[in-house]
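This is what each chain is made of:
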Amino acid sequence: MYLKSCIYFCIIFLTSGCVGFKPENIIYNTPKRQYEYVLKSEAVTLRNYNNQLIDSTNIGNFQKELQDLEYKYPFEERLEKNILLKNSDFRLAGLYADANKAIQDKNFTLALKNISTMRHLYPDIDLYSDSPFLEGYAYEQLGQTDTATMSYRKFYTFSEKKYSELFRGYRHADINDSMYIAERNHAYHFLNRIPDSLDETVIRPITPRYYFTGRQPGFILNPDNYNKSIKFIGSFSLGLDLFNDLSVGFLISTGIRKSVNFNAGMYLSKNMSGYLFSLPIQLFKSDSNKFGIKLSPFINYRSIDSIKIDDRYCLANEKIFDFGAKISSSYFFSQKFYIGSHYQYNYYNRNHKYFAEKPGVLFWTDNEFDLSGYYNLFKDMSLKVGVKNSDIVAGIYLNGLEISYNITSPGFVI
């Protein structure tokens with residue numbers, strides 16, 4: 001149960017728009033022929049108030065614009081907004097895939113039709129993908145030089161990257177922006193009448209993918225949520241301990257771009273502390289992320305100072321080494337709705353209880369089965385309704401943190 005959600009991303013965007021802009025952090029990216037800004041160790045594309053990319057032709061006016069803004073650059077207005085999940089995201093990626101496939105098949109008229117449909121579906125597609133380049137290339141191959149010039153100029157002036165972040169699962173697909181740079185070079189040469197030839201491998205279909213939350217059933221951490229340089233992730237956790245007391249903790253995760261993650265954490269409640277280690281393994285994930293299966297073996301070491309008996313705490317000094325595994329899966333029906341399930345087995349369970357000698361009591365952790373429907377509202381935030389063991393529960397799911405109400409046996413589940 002890990003408290004990291006779309007709220008975090010919203011805070012990043014909002015605070016980014018309020019912090020002072022440092023002109024010394026502006027850098028020139030020579031291969032792209034663009035100016036960028038180093039923000040939180042990542043290079044961010046800069047735009048002026050007309051949404052034009054900043055290059056050698058407009059850097060002077062951009063610096064004047066910054067002065068007028070008192071160096072309060074509106075990051076939240078000029079970065080692509082991708083927090084809201086829509087079913088149309090999947091269709092948009094499909095249209096983009098079809099346009100690329102049509103160009104490969106020399107069906108340039110179909111490619112242009114798909115690109116036009118993309119614009120109606122997502123008006124900002126020209127800013128945050130290479131769609132105008134694909135359009136320009138199609139017109140170039142049709143021999144319509146004037147129209148191709150307009151499209152290439154639009155691409156060179158406004159388009160900041162190859163893949164929109166609404167193409168879920170492709171944030172890190174263009175390694176070092178190599179394909180985007182090749183396209184910019186071709187557009188630059190075409191606009192300046194410099195002969196060249198394009199390596200058409202940069203024009204390739206993609207597989208439309210569903211966005212999955214990093215700790216939802218069936219999936220390990222989602223690399224699309226993290227910068228390429230990130231190796232470790234820290235997050236706070238919240239839950240209930242063996243005696244239904246509030247427990248807080250901290251978790252460190254690693255292995256973001258592999259099929260195996262490693263988690264190590266510690267937690268603390270009123271009368272208990274412990275350490276948790278787990279190894280989430282992606283057993284299966286379809287190319288479209290439609291279906292995923294995850295296995296998570298874990299070790300749980302608890303140090304119990306006192307044990308709750310009949311609403312009273314009795315002193316104890318128990319050191320418990322517990323372990324088990326959790327298997328889970330998800331199946332997407334659309335980007336907004338999926339079914340998720342999990343079963344968690346604990347070594348000390350209702351059929352195999354732990355005996356605490358000093359107070360002379362038995363206790364355990366119930367094995368857990370959950371089958372629920374999830375409705376995505378934002379990235380990392382969903383509504384959840386389903387069955388947990390034999391009870392009906394409903395609530396919200398926040399990147400691994402479940403806050404639900406047990407309808408069958410009234411009470412909250414955290």
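Thresholds, definitions, all that
- Residues numbered from 1 in each chain as written.
- Predicted model: local features only at pLDDT ≥ 70, side-chain atom pairs only at ≥ 80, totals over all residues.
- Heavy atoms only, no water.
- Helix = DSSP H or I, 4+ residues; strand = E, 2+ residues; numbered from the N terminus.
- Buried < 20%, exposed > 50% of the residue type's maximum accessible area, 1.4 Å probe, protein only.
- Contact = heavy atoms within 4.5 Å.
- Lys, Arg positive; Asp, Glu negative; His and termini not counted.
- Charge placed at Lys NZ, Arg CZ, Asp CG, Glu CD.
- Pairing = 2+ DSSP bridges.
- Axes fitted to C-alpha atoms, helices over the stretch in contact; angles between N-to-C directions.
- Parallel < 35°, antiparallel > 145°, perpendicular 65-115°, else oblique.
- Left-handed = near helix turned anticlockwise from the far one by under 90°.
- Nonpolar A, V, L, I, M, F, W, Y, C, P; charged D, E, K, R; others polar.
- Phe/Tyr/Trp six-rings, centres within 6.5 Å; stacked < 30°, edge-to-face > 60°.
- Expected span 1.5 Å × (residues − 1).

1. Regarding the overall build of the protein chain
Next up, step 1: If you tally the helices and strands in the protein chain, you get eight helices and 18 strands.
Next up, step 2: Oriented by its inertia axes, the alpha-carbon framework of the protein chain measures out at about 85 × 50 × 30 Å.
Next up, step 3: Out of the 414 residues in the protein chain, the part that is buried amounts to 49%.
Next up, step 4: Taking the intrachain contacts of the protein chain between residues at least 6 apart in sequence as the baseline, contacts between residues at least 24 apart amount to 55%.
Next up, step 5: Here the protein chain holds 47 positive side-chain charges and 43 negative ones, and the gap between their average locations is 1 Å.

2. Things to note about the sheet that holds strand E3 (residues 42-45)
Next up, step 1: Read across the sheet, three strands follow the order E1-E2-E3 without closing on themselves; strand pairing throughout is antiparallel. Edge positions in the sheet fall to strand E1 (26-29) and E3, since each has one partner strand and no second. Shown here is a sheet whose adjacent strand axes are inclined to one another by a mean of 45°, direction ignored.
Next up, step 2: Pairing analysis gives four bridges linking strand E2 (residues 34-39) to E3, with the strands arranged antiparallel. Looking at the pairing, Leu39 lines up with Glu42 of E3.

3. Examining the packing of helix H4 (residues 87-104) against helix H6 (residues 131-141)
Next up, step 1: It is at 11 Å that the axes of H4 and H6 come closest, and there the two elements cross at 25°. Between H4 and H6, the angle falls in the class roughly parallel. Where H4 crosses over H6, the two elements pack in a sense that is left-handed. For the pair H4 and H6, the contacting residues are Tyr96, Asn100 and Ile103 in the first and Ser131, Leu134 and Tyr137 in the second.
Next up, step 2: For the contact of H4 with H6, the residue count by class is four nonpolar, two polar and no charged.

4. Topic: the environment of Gly360
Next up, step 1: As for its placement among the helices and strands, Gly360 is situated in the loop between strand E12 (354-356) and strand E13 (361-363).
Next up, step 2: Residue classification places Gly360 among the partly exposed positions, given a relative accessible area of 41%.
Next up, step 3: Spatially, the C-alpha atom of Gly360 lies 73 Å from that of Leu134, the residues being 226 residues apart in sequence.

5. What about the packing of aromatic side chains?
Next up, step 1: Counted according to the given criterion, the structure contains 33 aromatic pairs.
Next up, step 2: Ring geometry for Phe21 against Tyr37: centres 4.1 Å apart, planes inclined by 25°, an arrangement best described as stacked. Linking Phe21 in the loop between helix H1 (6-18) and E1 with Tyr37 in strand E2, this pair joins segments that are 16 residues apart in sequence.
Next up, step 3: Phe21 gets classed as buried once you look at its relative accessible area, which sits at 4%.
Next up, step 4: Centroid distance Phe219 to Phe332: 6.4 Å. Interplanar angle 50°. Geometry classified as tilted.

6. Some points on the side chain of Gln216
Next up, step 1: With respect to the helices and strands, Gln216 occurs in the loop between helix H8 (178-191) and strand E4 (232-240).
Next up, step 2: Not counting chain neighbours up to four residues away, the residues in contact with Gln216 comprise Lys294, Ser330, Phe332, Tyr338 and Tyr397.

7. Regarding H4
Next up, step 1: Its 18 residues give H4 an end-to-end C-alpha distance of 27 Å, which sits within 8% of 26 Å, the value for a rise of 1.5 Å per residue.
Next up, step 2: When we look at burial in H4, the residues that qualify are Asp89, Leu92, Ala93, Gly94, Leu95, Tyr96, Ala97, Ala99, Asn100, Ala102 and Ile103.
Next up, step 3: Where H4 is buried, its residues meet helix H5 (108-121) and H6.

8. Examining unusual backbone geometry
Next up, step 1: Phi is positive for Asn289, close to 65°, though the residue is something other than glycine.
Next up, step 2: Among the secondary structure elements, Asn289 is positioned in the loop between strand E8 (281-285) and strand E9 (291-309).
Next up, step 3: Since its relative accessible area comes to 4%, Asn289 is described here as buried.
Next up, step 4: A positive phi angle is found at Asp380, which is not glycine, with a value near 70°.

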